[in-house]
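A look at the structure
Residue-level listing of the chains:
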Amino acid sequence: MPQVESGDYLFYDSKLAVLPAELQELYRFTHWGRSRTLDQIARMLQGSDLCFSVRCKGHLVAFCRMLTDFVFRGSIWDILVHPDHQGKGLGSRMMNYALSHPAVKDIPIITSYSSDLVTFLRRHGFEDTDGLMVLQRVPIEYS
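First, a word on what this report is: a plain description of the structure on this page. Chains are numbered independently. Their residues run from 1 in the order of the written sequence. pLDDT decides what is reported in this predicted model: residues at 70 or higher carry local features, side-chain atom pairs at 80 or more are listed and counted, and totals for whole chains, interfaces and linings draw on all residues regardless. Excluded from the side-chain calculation are hydrogens and water; included are all heavy atoms of the structure.

Regarding the packing of aromatic side chains
Each aromatic pair joins two rings of Phe, Tyr and Trp (for Trp, the six-membered one) with centres within 6.5 Å, and gets the label stacked for planes under 30 degrees apart, edge-to-face for over 60, and tilted for any other angle. By the definition in use, this model includes four aromatic pairs. Taking the centre distance of 5.6 Å and the plane angle of 65 degrees together, the rings of F11 and Y97 count as edge-to-face. Residue F11 is found in strand β2 (residues 9-12), and its partner Y97 is found in helix α3 (residues 90-99); the two are separated by 86 residues along the sequence. By the burial criterion, F11 is buried, and Y97 matches it. The secondary structure listing takes helices from DSSP runs of H or I that are at least 4 residues long and strands from runs of E that are at least 2 residues long, numbered from the N terminus. Residue burial is assigned from relative accessible area. The probe radius is 1.4 Å, only protein chains are included, and a residue is buried under 20% of its type maximum, exposed over 50%, and partly exposed in between.

Structure (structure tokens):
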């Protein structure tokens, strides 16, 4: 399983580096992911093209995932950093790790949809665009 070391942190680019139960623990710090079940998380991991995670002393402390065709488009989702590790640049390091990954670094358009992380995403080159269309069949948090 590929990993990159940075100080006390180990960065991974494999969904095999993440267990649904520990990811569920990270989701509990969000308003939009608290109700995700272990089965849903396991199926989500299986269906994601790339998963990036960060561990500190063996514990999962950051995560994001990408859906992509590996040529023209990609979208990055579920950008999470444990509150104890926020404010230390870890989210930016994980984002740089993900966006510069050899499998996706040449993709011309990467999108992300987050009202919570607009400022963070702007720092990584994302821009607000008009015309976003969303079919939302259920509220994001439905527990």
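From this point on, the discussion continues.
What to know about the packing of helix α1 (residues 20-27) against helix α2 (residues 38-47)
Here the axes come from fitting lines to C-alpha atoms, over the contacting stretch only for helices, and the angles between their N-to-C directions go from 0 to 180 degrees. The geometry of α1 relative to α2 is characterised by a closest axis approach of 9 Å and an angle of 105 degrees between their N-to-C directions. Looking at the two axes, α1 sits roughly perpendicular to α2. On the side of α1, the interface is formed by P20, A21, L23, Q24 and Y27, while α2 contributes L38, I41, A42, M44 and L45. As a working rule, the residues Ala, Val, Leu, Ile, Met, Phe, Trp, Tyr, Cys and Pro are called nonpolar, Asp, Glu, Lys and Arg charged, and the rest polar, with Gly in that last group. When its residues are assigned to classes, the contact of α1 with α2 shows nine nonpolar, one polar and no charged. Here is the rule for angles: anything less than 35 degrees is roughly parallel, anything more than 145 is roughly antiparallel, 65 through 115 is roughly perpendicular, and the remaining ranges are oblique. Any two residues whose heavy atoms approach within 4.5 Å at even a single point are treated as in contact.

Side note on the pattern of salt bridges
A side chain with one charge may pair with a side chain of the opposite charge, provided their charged atoms come close. Each salt bridge in this description consists of a side-chain nitrogen of Lys or Arg and a carboxyl oxygen of Asp or Glu lying within 4 Å of one another. Per the counting criterion, the structure on display carries seven salt bridges. D78 is the partner of R65 in a salt bridge, and the nearest nitrogen-oxygen pair spans 2.9 Å. Of this pair, R65 sits in strand β4 (residues 59-68) while D78 sits in strand β5 (residues 73-81); the two residues are 13 residues apart in sequence, bridging distant segments of the chain. One salt bridge connects R122 with D128, and the closest N-O pair in it is separated by 2.3 Å. Accessibility expressed as a relative area gives 53% for D128, which makes it exposed. Taken together, the shared-partner salt bridges in this structure form one network comprising R36, R65 and D78.

Details of the nonpolar core
V54, I76, I79 and L90 are the most contacted members of the largest nonpolar core, which totals 23 residues. Of all the elements in the fold, those that place two or more residues in this core are β2, β3 (50-56), β4, β5, α3 and α4 (118-123). Of all the elements, α3 adds the most residues to this core, at five residues. When neighbours within four sequence positions are excluded, L90 is seen to be in contact with Y9, F11, V54, V61, A62, V81 and H85. Grouped together as the second largest cluster of nonpolar side chains are twelve residues, Y27, W32, M44 and F63 included. Definition used in this section: a nonpolar core is a set of buried Ala, Val, Leu, Ile, Met, Phe, Trp, Tyr and Cys residues joined via side-chain atoms within 4.5 Å.

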